[in-house]
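Each chain, written out:
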Amino acid sequence: MHGTVFEEIVNQRRSNRAFDESVEVPDEVIRKGLELAILSPNSSNMQLWEFHWISDKELLKAMHPLCLKQSAARTAKHMVAFVTRQDLWKKHARWNYNNVMQTIGDREPSKREKRGLDYYGKLMPVVYRQDWFGFSTLFRRILCFVMGLKDPFARISGSRDQKVIVHKSCALAAQTFMLSMTAMGYDTCPMEGFDPVRVKKLLKLPKGAEINMIVAVGKGTEAGIHGERKRLPFDEVVFRY
Ligand SMILES: Cc1cc2nc3c(=O)[nH]c(=O)nc-3n(C[C@H](O)[C@H](O)[C@H](O)COP(=O)(O)O)c2cc1C
């Protein structure tokens, strides 16, 4: 592992807050990064994410104040808003279900395929269903409590839990994207310093969408790196059992 290309990329990636305005980032670079981001691990392969790629100059300009006038946003050549779409769970569960069905074709499903159909046809609705009165959440809470009494049970009940699930997966995609930018010789700055209400409005995102983070991309400068990289000591954050 020591000295590998991967280690180099991880060491090289820094959050850069001032991109070189004279260097453009080719579209193919962003496209490749997004193609790789799509391959990121994600909960149940539900892919409840979207990647809103902003390269239009006027739109980039409009994003700057909404990103609280951060210099990374002012100098970025592209931005990608990593967005969760928890509201699309039915459509994506159906897509996964149909994929299993397609594999089965006309023959009898195997045990694993039957489990796959149940997973997307029955379990995903239990995990993601919401209703105005909170009945689904109440049902999940009771289910988690009762099932968890005797055996280990994945305790996914309230809408907060589902939010965490979709944001986890989305952040992993953002990380894949950022590392791939580094691998291709460009730099990034992930941002949570932005006004989500105004950005959602500018990008015309639907009500069910939530912005996980916005990643600014460009060719980094030395001035854009704010000091040495500092991390807590290994033994303070790593616990071995
Ligand atoms: C979710 C998230 C949000 C962040 N938001 C901002 C931001 O709004 N502005 C900024 O300058 N840096 C932001 N950062 C970058 C962090 O400050 C940075 O990753 C951290 O200081 C470690 O430095 P490094 O990325 O150079 O290793 C964010 C990072 C993450 C993961």
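Look above for the structure.
Keep in mind the model is a prediction, meaning the values are calculated, not measured. (Residues numbered from 1 in each chain as written. Predicted model: local features only at pLDDT ≥ 70, side-chain atom pairs only at ≥ 80, totals over all residues. Heavy atoms only, no water.)

A. A look at the overall build of the protein chain. Along the protein chain, the regular secondary structure elements total 10 helices and four strands. With respect to the principal axes defined by its C-alpha atoms, the protein chain has extents near 60 × 45 × 40 Å. With 241 residues in all, the protein chain has 40% of them scored as buried. Long-range pairs, those at least 24 residues apart, make up 77% of the contacts in the protein chain with a sequence separation of at least 6. By element, 58% of the accessible surface of the protein chain is carried by carbon and sulfur atoms, the whole surface being about 15300 Å². When the 38 positive and 27 negative side-chain charges of the protein chain are each reduced to one mean point, those points stand 7 Å apart. (Helix = DSSP H or I, 4+ residues; strand = E, 2+ residues; numbered from the N terminus. Buried < 20%, exposed > 50% of the residue type's maximum accessible area, 1.4 Å probe, protein only. Contact = heavy atoms within 4.5 Å. Areas by Shrake-Rupley, 256 points an atom, 1.4 Å probe, with all protein chains shown as cover. Lys, Arg positive; Asp, Glu negative; His and termini not counted. Charge placed at Lys NZ, Arg CZ, Asp CG, Glu CD.)

B. The arrangement of a positive patch on the surface in detail. A cluster of like positive charges, contributed by Lys-111, Arg-112, Lys-114 and Arg-115, occupies part of the molecular surface. Looking at where Arg-112 falls in the secondary structure, it is placed in helix α6 (residues 111-128). Accessibility expressed as a relative area gives 67% for Arg-112, which makes it exposed. (Patch = residues over 30% accessible without salt bridge, like charges linked within 9 Å, V, L, I, M, F, W, Y side chains within 5 Å. Salt bridge = Lys/Arg side-chain N within 4 Å of Asp/Glu carboxyl O.)

C. Structural context of the sheet that holds strand β4 (residues 209-218). Taken in spatial order, the four strands of this open sheet run β1-β2-β4-β3, and their pairing is antiparallel. Only two strands of the sheet have a single partner each, and these edge strands are β1 (49-54) and β3 (187-191). The sheet shows a mean angle of 25° between the axes of neighbouring strands, taken without regard to direction. Strand direction decides the pairing type here: strand β2 (residues 78-85) and β4, joined by eight bridges, are antiparallel. Looking at the pairing, Arg-85 lines up with Ala-209 of β4. (Pairing = 2+ DSSP bridges. Axes fitted to C-alpha atoms, helices over the stretch in contact; angles between N-to-C directions.)

D. Main features of helix α3 (residues 57-66). Among all positions in α3, only Leu-60, Met-63, His-64 and Leu-66 are buried. The arc that holds the buried residues of α3, viewed along the axis, is 165°, so those residues lie on one side. Among the exposed residues of α3, those oriented more than 90 degrees off its buried face are Glu-58 and Lys-61. In this structure, the buried residues of α3 make contact with β1, α4 (71-75), β2, α9 (196-202) and β4. Directly after α3, the chain includes Leu-68, whose backbone phi takes a positive value near 55°. (Arc of directions from axis to C-beta.)

E. Representation of the environment of Met-1 in the model. Of note, Met-1 is situated in the segment before α1 (5-12). The class of Met-1 is exposed, set by a relative accessible area of 64%.

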